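This is what each chain is made of:
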Amino acid sequence: MATQNHSHDVCSHKHAFWFDIWLRRIFQSPKKIVGEYVKPGNRVADIGCGPGYFSIDMAKMVGITGQVVCIDLQMEMLEMVKKKARKHNVMDRMIFHRSEPGRINIKDTTVDFILAFYMMHETTSPEGFMREMKEMLDPDGKILVVEPRYHVNQKAYEEMLSQGNEAGLRVIDKPPKKGGRAVLFSHQ
Ligand SMILES: C[S@@+](CC[C@H](N)C(=O)[O-])C[C@H]1O[C@@H](n2cnc3c(N)ncnc32)[C@H](O)[C@@H]1O
């Protein structure tokens, strides 16, 4: 199957089950993917959080003094995260925000780390999202963007790096073994 530069198709909440199956923990361990960036007490954002596969693990990593801002376009996804957060007893450190297709549109929120896992190719405005992510990021913060190889080819990935650059972000790493085409950004 040929890869596309950008598919703006949003992964429906009806398929959320597939993002939460136990098998995924073997191939995409949250600890291996975000563990090195998330510390106790941190404030982090999970943009395009889906059913919360990473949000819940990050909530445990940041602990009681930290915070996880869960952001998604689909209310149904945020509801699934809320349900899981209650089950895992981490609701006290969760914040939920519904974004728009081309805008995060969140105010007065600063975070130490942002994860955008398999979501950037779904937004209609990656450039705008990059700018908004930069605005949310603490001066010493980091952003990890991971894109699926089967939807995002090398050319589209490089385009995404340029968009980050234009938004005032700096590529500090292209970490391997993060489950796809990955980039770690900081402020320039
Ligand atoms: C492929 S799923 C990945 C979910 C999650 N990051 C994971 O890895 O389990 C992509 C998610 O991004 C969300 N999404 C797509 N466009 C978005 C936007 N503009 N703002 C916020 N979330 C968006 C979708 O609703 C969906 O939940």
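Parameters and conventions
Position numbers for residues start from 1 in each chain and track the written sequence from start to end. Two thresholds apply to this predicted model, a pLDDT of at least 70 for residue-level local features and 80 or more for giving and counting side-chain atom pairs, whereas whole-chain, interface and lining totals are computed over all residues. Put simply, a residue is buried when 20 or more other C-beta atoms lie within 10 Å of its own C-beta and exposed when 12 or fewer do; between those, it is partly exposed, and each C-beta is set from the backbone. Counting from the N terminus, the helices are the DSSP runs of H or I reaching at least four residues and the strands are the DSSP runs of E reaching at least two. We treat two strands as partners when DSSP finds at least two bridges between them. With the strands pointing away from the viewer, any crossover whose connection runs clockwise from the first strand over the helix to the second is right-handed.

Counting buried residues along strand β2 (residues 67-72), five of its six residues qualify, which places the element largely inside the surrounding structure. Bridging between strand β1 (residues 43-47) and β2 involves five bridges; their strand directions are parallel. For Asp-46, the partnering residue across the bridge sits in β2 and is Cys-70. Note on the crossover from β1 through helix α3 (residues 53-62) to β2: the handedness is right-handed. Taken together, the five bridges between β2 and strand β3 (residues 94-98) define a ladder with parallel strand orientation. Across the sheet, residue Cys-70 finds its bridge partner in β3, namely Phe-96. Crossover connection from β2 via helix α4 (residues 75-87) to parallel β3: handedness right-handed.

What follows deals with α3. Across the ten residues that make up α3, a large majority, nine, are buried. Taken as a whole, α3 has its buried residues at Tyr-53, Phe-54, Ser-55, Ile-56, Asp-57, Met-58, Ala-59, Met-61 and Val-62. A positive backbone phi angle near 75° is found at Gly-63, which sits one or two residues after α3.

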